[in-house]
Amino acid sequence: MIKKVLQLAVFVVIFIAVTAYQELGMLADNGEQPAPYFSLPTLENEHEQISLSELAGQQTVVYFFAPWCSICKFSMPNLDKLHEQQKLNAVAIALDYDSKEAVEAFTQDLDLSMPVLMGNHQIAANFKVKAYPTYYVIDENLKITERSVGYSTELGLRARL
């Protein structure tokens, strides 16, 4: 029994250390850091843009993903479910993709209801995205209040809101 508790403790310490390391260099989540501005085309219509300013007045999860990311494939449905149930506002931003078709295939396979935007290298640099998935929670004043890298459950997302 003690051996199992010790193993669990070691796992938790390693998990916390890895998470802290992954979050190094991300934008501050103290509620004072403004989210970097963006205006990006939607996946559905390249002539339709969604900008950061349109997110003012509501708490929003801005979720960065890549279509080749297997963790994103498991994590995005958790976020989309909360978005679909109107428990949170969410926007997904595709990065590191080869083609629009690759992003379409990825999102269609997941049957996402949240808007998907076509990101670029500049938006990745502005938000300091180094791994996928990365997400930021932005408050109604467009300030960053939470951040994370990697898989997140529905419960984990709710806890950050």
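What you see is a predicted model, and the numbers here were worked out from it, not measured in a lab.

Its location among the elements puts R147 in strand 7 (residues 144–149). Owing to a relative accessible area of 19%, R147 belongs among the buried residues under this scheme. Of the polar contacts made by the side chain of R147, one reaches the backbone oxygen of M26; its length is 3.5 Å.

Another point: the sheet that holds strand 6 (residues 134–138). Read across the open sheet, the five strands follow the order 5-4-3-6-7; overall the sheet is mixed. Strands at the two margins of the open sheet, each flanked by one partner only, are strand 5 (116–118) and strand 7. Within this sheet the neighbouring strands show an average axis-to-axis angle of 20°, counted without direction. Pairing analysis gives five bridges linking strand 6 to strand 7, with the strands arranged antiparallel. Bridged to T134 within strand 7 is V149. Its contacts with the sheet place helix 2 (residues 70–84) against strand 3 (60–65) and strand 4 (89–94), and it is angled at close to 160° to strand 3. Packing against the sheet, helix 3 (residues 100–110) makes contact with strand 3, strand 4 and strand 5, and its axis sits at approximately 165° to strand 5.

Thresholds, definitions, all that
Residues numbered from 1 in each chain as written. Predicted model: local features only at pLDDT ≥ 70, side-chain atom pairs only at ≥ 80, totals over all residues. Heavy atoms only, no water. Helix = DSSP H or I, 4+ residues; strand = E, 2+ residues; numbered from the N terminus. Buried < 20%, exposed > 50% of the residue type's maximum accessible area, 1.4 Å probe, protein only. Polar contact = N/O pair within 3.5 Å; in protein donor to acceptor, adjacent residues only side chain to side chain. Pairing = 2+ DSSP bridges. Axes fitted to C-alpha atoms, helices over the stretch in contact; angles between N-to-C directions. Contact = heavy atoms within 4.5 Å.

None of the figures reported here should be taken as evidence of function without further support.
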